[in-house]
Amino acid sequence: MSAAEISVTSEGGSSRWAKLRHVGREAWIMLGGIAAILVALVAFLVLPLYALFKKSVEDDKGNYVGLVNFQEYYESPGLLQSITNSLTIAVLTMVIACFLAFLYAYGLTRTCMPFKKTFRAIATIPILAPSLLPAISLIYLFGNQGLIKGLLLGESIYGPIGIMIAMVFYIFPHVMMIMVTALSTTDARLYEAAEALGTRPSRVFFTVTLPGAIYGIVSAAVVAFTLTITDFGVPKVIGGQYNVLATDIYKQVVGQQNFSMGAVVGIVLLIPALFSFVIDRHVQKKQVALLSARAVPYHPKPHKARDMAFLLFCLAMTVFLVGILGTAAFGSFAKFWPYDLSLSLVHYDFDKVDPNGWSSFFNSLKMASMTAVIGVVVIFLGAYFVEKGQGFARLRGFFHMLAMMPMAVPGLVLGLAYVFFFSVPENPLSFLYSTMAILVICTVIHFYTVSHLTMLTALKQIDKEFESVSASLKVPFYKTMFRVHVPICLPAISEVMMYLFVNAMTTVSAVVFLYSADTKLAAITVLNLDDVGDQAEAAAMAMMIVATSLTVRVLHGLLMRALNARHSAWRTR
Amino acid sequence: MARKPGRKAAGNEQPQQPFLEIRNVTKKFGDFVALDDVSLEIHEGEFVCFLGPSGCGKTTLLRAIAGLDFQTSGRIYQRGRDISDVPPADRDFGIVFQSYALFPNLTVERNVSYGLVNRKVGRKAVNDRVEELLTLVGLAGSGDKYPAALSGGQQQRVALARALATSPGMLLLDEPLSALDAKVRERLRHEMKELQRTLDITTIMVTHDQEEALTMADRIVVMSDGRIEQVGSPVEIYRHPVSPYVADFIGAMNFLHGKVMRKGHVKVGKMDIAVEDHTGQFKKGDQVVVCIRPECVAVRDLGRVKTNRYAMAIRDIEFLGSYCRATLAVGGGSDEELIADFSINLMRDYKLERGTKLNVAFPKDCLEVYHSDARGIPA
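Here the structure is a predicted model, which is why all the values come from computation and not from measurement.

A. Broad picture of the pairing of strand β8 (residues 202-207) of chain B. All names here are of chain B. Counting buried positions along β8 yields 6 of 6 residues, so the element is predominantly enclosed. Burial of the side chains of β8 extends over both faces: Thr-202, Ile-204 and Val-206 are buried on one face and Thr-203, Met-205 and Thr-207 on the other. Where strand β7 (residues 170-174) meets β8, 5 bridges bridge the pair, whose relative direction is parallel. Across the sheet, the residue bridging to Leu-173 is Met-205, located in β8. Each parallel crossover has a hand, and the one from β7 via helix α7 (residues 182-199) to β8 is right-handed.

The following block contains the structure:
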């Protein structure tokens, strides 16, 4: 997550409408653009959330009942138990993942161990897979038919242990990347000063390293907590009888059709997410100020024992990460786990076990492509208007605020909100319900914030006077945007497209409420196949998702290389 | 100096119409007043500098003239046309920024032709014009390079060529030289001034560098806190600053605190300083400051000089290469000091060193007097 913060100066003093005197044709175009995206954000984010809140204070017939639903929720011991369970899992996972990710990131940034680039790439493997995958793998390994079940010493993998291990796998890359950033933003001069004063290494660690990285660590912890508490795929597959908030929503809504109670759980789930969002934004702001422009980057010096220790640790993590992925891959190819481990492609014949088998995969491809293309256009324009727009400062500030909101809304909650909002026949937008379009819209909104910030960071690096120059040369802003801003931002554009595509391929939480028979997605099929016990087919479909994501990632890498070659012509002397 | 008849006329008689007229322009950002009721006239072909420290409103005024930020109130006229509410795209100006704002992904040629291409003139005409401009700024043959391949000074010239490409009626320069090293800056200063003279284009430059303003401008507009302090030629501004603020901001200045004894005479310590008081605004007993520039403190040929002649001792000498800056003790029981710039020749001829006692004189026409409650007197 980039720490881009927008500051929009408000122009007080003059009356709001007096400013419209100056609005030229171009400004109207810009205003139109902002307004269009703003209306979309309101229609596809604010109003659905409002519908969710409304639902939580209504009974099943739509009468206002105040906080009765919340009271009912509070009085039902099973549901309350879920909160405890969710918090326990989230806190423990957060601690474990942060500890491991910190060591891993420390190895990548502060040691001279070999294969750093490889380790870095390996650590991002989990991003390519739906969160269902580690859970399935763990069942292969430690489940009732598990290969190495004995290692658990009689404990069951179905429950908190399984959830936590799978979660650590799933959130590891996110946490690790924040840790790497935190540990990279340091000033070598602090270490030189400490060394010059003859400080012991342990003291340097606690007085220089940790304080320097503390905001990043807090940020990583917050992200770990939020991802864990809001993820639905892992506990659904491996949670067994251990209920958590995320599975409760699903059960209330899909299982019992109890929409009001589902809405209540959704709001309960929104609280920790909102809370961590606020902490994260606060911490990010401080992080930025920590590194002055004149800081000297830190280059570690070789240290045999330390480098070896971190190499071993990173190797162990690699075994864990690759092992989980490998298990799923192996499980998908094995004829009949665990009795006949000979390889075959029989489990990839999805149409045999699920009427929507292969078509769901192609649906996913279509949905992910559309999300990437439509998303990047909307998000680029939005970020452009926020960063480069002139005038309408308040409107742009409001727009930016809305663009930050999706990060605080867990996918499950967003999906549920969509159900409440779009399924109502009186809603003029209800024609979208159970179409591919709604899946695309929901996914774009779900992943809007990070993409918006990435784009904003890229745009911020572009001279803010380009618009002024363009106006003085009487070239409309949109021409300059296409001729200058878009080419310069191509790396960020490619980055955002990949991010949107991969997330659209792997996401389950938001779309699980929204798909229809015709628009079923691959990740949903994984879920369904696992639900009915077709574990190998589930693993196979998950592998299809991984393969697709990986392909897109490689394409992105190649494109970046080509772009770099071209862009270097703009830079070199 | 005034080689062009048009400009001469501007000084002597009322010209038919100013090129640019700024009338009571005020700009507020929230509660902060960036421009406070600014009025100014700029004539055709003039090179005007807005000079002042950061935050004085000079850039805000430039951006208001360009239409990049609109004034909160007041009007702006260009050639008599009210452009107060006209968006920048419909105004007639070219602009160069401190960052140059060259498009990094376009070659020099395409940067320069950026505004031309949009005018739907023929490709041939565009190419010719680009070539002409690049020659004009001394960059012929660099058309197919990317901006990053050029030095800062060269980038600056490209930005200038781009701004001039569409033959705008007015050139706006926002701290165009600030990002360059001293040597390059000095050379470009000269070149830009030459170019401006050749093209005879009305030019407004914003700068915080007094040397830049003094060397380049026909007229300087000194600003502080959103207001215009003084408008005048470089010589006027330097020789006769209207306020202690201007006196202190431009060049070095001694401020001697004293009291008016009788008309035209100020007592500073034991010194009786004869000053000119054309306006007669100083009455007996008024607390005033008497100002003299360090280089105006006279030492040579004092034989027949009677007025404002004092004996002083050199307390300290700073060697500054081409001259020395001496700190003089006013003496006579006063602990006031003043600085004086002595040429290397003078230092040698008079064998000046620390502790030397010498006679100095304050030529009357070099002195400025201000009330001691005037704004801008350094503490």
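B. Up close: the sheet that holds strand β11 (residues 254-262) of chain B. All names here are of chain B. Across the sheet, which stays open at both edges, the 5 strands sit in the order β13-β12-β11-β14-β19 with antiparallel pairing between neighbours. On the outer flanks of this sheet lie β13 (271-274) and β19 (368-371), each paired with one strand and no other. Between one strand and the next, the sheet's axes are offset by a mean angle of 40°, whatever the strand orientation. With 4 bridges joining them, strand β12 (residues 265-268) and β13 adopt antiparallel strand pairing. Looking at the pairing, Val-268 lines up with Met-271 of β13.

C. Here's a closer look at the interface of chain B and chain A. The interface of chain B with chain A comprises 38 residues on the first partner and 30 residues on the second. Here chain B and chain A share an interface that buries about 3100 Å² over both sides, 55% of which is from carbon and sulfur atoms. Looking only at chain B, the three residues that lose the most surface to chain A are Asn-105, Tyr-114 and Asn-118 of chain B, adding up to 20% of its buried area. In this structure, the connection of chain B to chain A is made through 1 salt bridge. In this structure, Arg-63 of chain B and Glu-465 of chain A form a salt bridge, with 3.4 Å as the shortest nitrogen-oxygen distance. Summed over the shared surface of chain B and chain A, the result is 6 residue pairs in polar contact (both at pLDDT 80 or more). Residue assignment for the side of chain B that touches chain A shows that the elements contributing at least two residues are β1 (20-29) and α4 (114-117) of chain B. Looking at the side of chain B that touches chain A, its residues break down into 18 nonpolar, 10 polar and 10 charged.

D. Local environment of the domain arrangement of chain A. All names here are of chain A. By domain assignment, chain A separates into domain 1 (15-59 + 343-573) and domain 2 (75-290). A straight line from the C-alpha centre of domain 1 to that of domain 2 covers 24 Å. At the junction of the two partners, domain 1 supplies 39 residues and domain 2 supplies 34 residues. Both faces combined, the contact of domain 1 with domain 2 buries some 3100 Å², and carbon together with sulfur accounts for 77% of it. Summed over the shared surface of domain 1 and domain 2, the number is 1 salt bridge. The partner of Asp-531 in a salt bridge is Lys-236, and the shortest N-O contact between them spans 2.9 Å. At the junction of domain 1 with domain 2, the criterion picks out 6 residue pairs in polar contact (both at pLDDT 80 or more). Of all the secondary structure elements, the ones that give two or more residues to the side of domain 1 that touches domain 2 are α1 (25-56), α16 (411-422), α20 (477-506), α21 (522-531) and α22 (535-571). Take the side of domain 1 that touches domain 2: its biggest share by element is 11 residues, from α22.

E. Molecular detail of the pattern of salt bridges. Following the criterion strictly, the structure yields 30 salt bridges over all chains and no others. Across the pair Asp-85 of chain B and Arg-75 of chain B runs a salt bridge, and its minimum N-O distance is 3.7 Å. On the criterion of sequence distance, the pair formed by Asp-85 of chain B in the loop between β5 (81-82) and β6 (94-96) and Arg-75 of chain B in strand β4 (residues 73-78) is long-range, its members being 10 residues apart. The exposure class assigned to Arg-75 of chain B is partly exposed, which follows from its relative accessible area of 29%. With its nearest N and O atoms 2.0 Å apart, the salt bridge here joins Arg-375 of chain B to Glu-229 of chain B. You can see Arg-375 of chain B sitting in the segment after β19 and its partner Glu-229 of chain B sitting in strand β10 (residues 227-232), a full 146 residues away along the chain. Taken together, the shared-partner salt bridges in this structure form one network comprising Lys-464 and Glu-465 of chain A together with Arg-63 and Asp-69 of chain B.

About the criteria used
- Residues numbered from 1 in each chain as written.
- Chains lettered and ligands numbered in written order.
- Predicted model: local features only at pLDDT ≥ 70, side-chain atom pairs only at ≥ 80, totals over all residues.
- Heavy atoms only, no water.
- Buried < 20%, exposed > 50% of the residue type's maximum accessible area, 1.4 Å probe, protein only.
- Helix = DSSP H or I, 4+ residues; strand = E, 2+ residues; numbered from the N terminus.
- Pairing = 2+ DSSP bridges.
- Right-handed = clockwise from strand over helix to strand, strands pointing away.
- Axes fitted to C-alpha atoms, helices over the stretch in contact; angles between N-to-C directions.
- Contact = heavy atoms within 4.5 Å.
- Buried area = accessible area lost by both parts, 1.4 Å probe.
- Salt bridge = Lys/Arg side-chain N within 4 Å of Asp/Glu carboxyl O.
- Polar contact = N/O pair within 3.5 Å; in protein donor to acceptor, adjacent residues only side chain to side chain.
- Nonpolar A, V, L, I, M, F, W, Y, C, P; charged D, E, K, R; others polar.
- Domains from an automatic or database assignment.

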